[in-house]
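# An overview of the molecular structure
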Amino acid sequence: MAAWPVVAVVVVLLLAWGGPPAAAGQKRKEMVLSEKVNQLMEWASKRSVIRMNGDKFRRLVKAPPRNYSVIVMFTALQPHRQCVVCKQADEEYQILANSWRYSSAFTNKIFFAMVDFDEGSDVFQMLNMNSAPTFINFPAKGKPKRGDTYELQVRGFAAEQLARWVADRTDVNIRVIRPPNYAGPLMLGLLLAVVGGLVYLRGSNLDFLYNKTGWAFAALCFVLAMTSGQMWNHIRGPPYAHKNPHTGQVSYIHGSSQAQFVAETHIVLLFNGGVTLGMVLLHEAATSDMDVGKRKIMCIAGIGLVVLFFSWLLSVFRSKYHGYPYRYVSC
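Residues numbered from 1 in each chain as written. Predicted model: local features only at pLDDT ≥ 70, side-chain atom pairs only at ≥ 80, totals over all residues. Heavy atoms only, no water.

## Observations regarding the state of the cysteines
Quick note on the threshold: The criterion for a disulfide is a pair of cysteine sulfur atoms lying within 2.5 Å. When a residue's accessible area, from a 1.4 Å probe over protein chains only, is under 20% of the maximum for its type it is buried; when over 50% it is exposed; and in between it is partly exposed.
Overall, the coordinates contain one disulfide when judged by the stated rule. Across the disulfide, Cys83 is cross-linked to Cys86 (sulfur-sulfur distance 2.1 Å). Torsion about the S-S bond of the Cys83 and Cys86 cystine: about 70°, corresponding to right-handed handedness. Under the relative-accessibility criterion, Cys83 is labelled buried at 10%. A relative accessible area of 0% means that Cys86 is categorised as buried.

Written as structure tokens, this is what we have:
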């Protein structure tokens, strides 16, 4: 019977302290989580992409508790870094974040953040990160897995591609809404105006519409653009080039056969155009009515263009398909 007063005292003390230690710890955890979510929501209401330094990253992204996912872009946007790709990726990232922030499905289950190297170099060191831009998903539970790092070199940084990756990692579907772009309609209107003006000025003389050389040139330009990979660029939205943030070296040719840079397509288009011009010169040298001397010059120029530009094409191919055994001339 003497133990009953002791039990009563313990019960009174537990009630005064807010319950058992486990319950008190859970309550503190919920309070911390609520404060973190409220802070993130406040920042997200002002800016779709939350800028973070090392302290904010460790407190709101790395440290538990957390019941929300955070998509973080690690970048280097300061002008002295000269990261052109970072600026291009940032534009697409802002479009994605704004599409989510102003969506009717917006919730506090996912946030978009950014860590700039000049504001959070300690975060880059902590994550052993040596390139930018890089996108990582920090899930609500556990640490990021392999798939939580976005494959930028393969998929590009277009907002639509990022949205598909976010949906795969977080089950949050974001409908990308881009700001209106009037460049396309204006160019189409200008083209129609030019064509209409030509028809009006030429009157009934529409022989220029039957000009085989003009149509052949237009078709050739279209074929060169498509064979160089312009449609792939339009679908995937790859970066123009890649600059190593440590060495400053700029790469215009992607080292993998599964991806490419925009600059790479321009280079390939130029090389294909050089080969085509060489073949045209060879054809003209063989079929034209010019004197023999000029035809020889055209023939030599055509052979030179084909050899030179086709060799460069093979060198690009060898740099992407390692171990490719063939070459035209040593490059």
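Right, picking up where we left off after that structure.
## Considerations on the pairing of strand β3 (residues 110-116)
The criterion, for reference: Segments assigned H or I by DSSP are reported as helices when at least four residues long, segments assigned E as strands when at least two residues long, and all are numbered from the N terminus. The pairing criterion for strands is at least two bridges between them, as found by DSSP. Here the term right-handed applies to a crossover when the path leading from its first strand over the helix to its second strand runs clockwise, the strands being oriented away from the viewer.
β3 sits mainly inside the fold: seven of its seven residues count as buried. Relative to β3, strand β2 (residues 69-75) runs parallel, the two sharing seven bridges. Counted as the bridge partner of Phe74 is Val115 from β3. For the crossover that starts at β2, traverses helix α4 (residues 84-101) and ends in the parallel β3, the hand is right-handed.

## Examining the nonpolar core
Rules: Throughout this description, the term nonpolar core refers to a set of buried Ala, Val, Leu, Ile, Met, Phe, Trp, Tyr and Cys residues connected via side-chain atoms within 4.5 Å. Only heavy atoms matter for contacts: two residues are in contact if any of them lie within 4.5 Å across the pair.
One finds Tyr93, Leu96, Phe112, Phe135 and Val166 to be the most contacted residues of the largest nonpolar core, which totals 31 residues. When residues of this core are traced back to their parent elements, those giving at least two are β2, α4, β3 and α7 (159-170). Ranked by residues supplied to this core, first place goes to α4 with eight residues. When near neighbours in sequence (up to four residues on either side) are disregarded, Leu96 contacts Phe112, Ala159, Leu162, Ala163, Val166, Ile174 and Val176. Within the second largest apolar cluster, 22 residues are counted, among which are Tyr68, Val115, Val123 and Phe138.

## Notes on the side chain of Thr170
Put simply, the rule is: Polar contact is the term for a pair of N or O atoms within 3.5 Å; when the atoms are in protein, one must be able to donate a hydrogen and the other to accept it, and sequence-neighboring residues count only if both atoms are side-chain atoms.
One can find Thr170 in helix α7. By relative accessible area, Thr170 is classed as buried at 15%. Reaching out from Thr170, the side chain makes a polar contact with the backbone oxygen of Val166 at a distance of 2.6 Å. With sequence-adjacent residues up to four places away left out, Thr170 is seen in contact with Ser69, Ile110 and Asn137.

## A closer look at the environment of Val166
Inspection of the secondary structure assignment puts Val166 in helix α7. When its relative accessible area of 0% is taken as the criterion, Val166 is described as buried. It is 9.2 Å that separates the C-alpha atoms of Val166 and Tyr150, two residues lying 16 residues apart in sequence. Setting aside its immediate chain neighbours within four residues, Val166 contacts Ile71, Leu96, Ile110, Phe112, Asp171, Val172 and Ile174.

## What about the packing of aromatic side chains?
Here is the rule we go by: Working definition: rings of Phe, Tyr and Trp (its six-membered ring) pair if their centres are within 6.5 Å, and the pair is stacked with planes under 30 degrees apart, edge-to-face with planes over 60 apart, and tilted otherwise. A positively charged side chain is recorded as over a ring if its NZ (Lys) or CZ (Arg) lies within 6 Å of the ring centre. The angle to the ring normal must also be within 35 degrees.
All chains considered together, the criterion is met by 14 aromatic pairs. Aromatic pair Phe74 and Phe138: ring centres 6.4 Å apart, planes at 65°, arrangement edge-to-face. Of this pair, Phe74 sits in strand β2 while Phe138 sits in strand β4 (residues 134-138); the two residues are 64 residues apart in sequence, bridging distant segments of the chain. With a relative accessible area of 0%, Phe74 lands in the buried category. Ring-pair connections join several aromatic residues into one group, and the members of that group are Phe57, Phe74, Phe117, Phe124 and Phe138. Across the ring face of Trp43, the terminal group of Lys56 is positioned such that the distance to the ring centre comes to 4.6 Å. We note Arg101 situated over the ring of Tyr102; from NZ or CZ to the ring centre the distance is 5.7 Å.

## With respect to the side chain of Thr134
With respect to the helices, strands and loops of the structure, Thr134 is situated in strand β4. For Thr134, the side chain forms a polar contact with the main-chain oxygen of Ser131, separated by 3.1 Å. Discounting chain neighbours no more than four positions away, the residues touching Thr134 are Val72, Met73, Phe74, Met129 and Thr149.

## What about the UniProt feature "transmembrane region" (unreviewed entry) in the protein?
Selection criterion: UniProt positions are given in the numbering used here, feature names are shortened, and annotations may be inferred rather than shown by experiment.
In the numbering used here, UniProt assigns the feature "transmembrane region" (unreviewed entry) to residues 182-201, 213-232, 267-285 and 297-317. Helix makes up 90% of residues 213-232 and strand makes up 0%, while its end C-alpha atoms are separated by 28 Å. Split by type, residues 297-317 is 100% helix and 0% strand. Its first and last C-alpha atoms lie 30 Å apart.

## Quick notes on helix α3 (residues 54-62)
Filter applied, for reference: In this context, the arc is that of the directions from the helix axis out to the C-beta atoms.
Along α3, the residues classified as buried are Gly54, Phe57, Leu60 and Val61. Axial view of α3: buried residues confined to an arc of 155°, hence all on one face. N-capping of α3 is provided by Asn53, with a side-chain oxygen placed 3.3 Å from the backbone N of Asp55.

## A word on the sheet that holds β3
In plain terms, the rule: Axis definition: a line fitted to C-alpha atoms, over the contacting stretch in the case of helices. Angles run 0 to 180 degrees between N-to-C directions.
Pairing in this open sheet of four strands is mixed, and the strands run β1-β3-β2-β4 from one edge to the other. Of all strands in the sheet, those with a lone pairing partner are β1 (49-51) and β4, marking the two edges. Averaged over all pairs of adjacent strands, the angle between strand axes in this sheet comes to 30°, irrespective of strand direction. Summarising the sheet, β1 and β3 pair through three bridges and their orientation is parallel. In the sheet register, Arg51 faces β3, and the bridge partner there is Met114.

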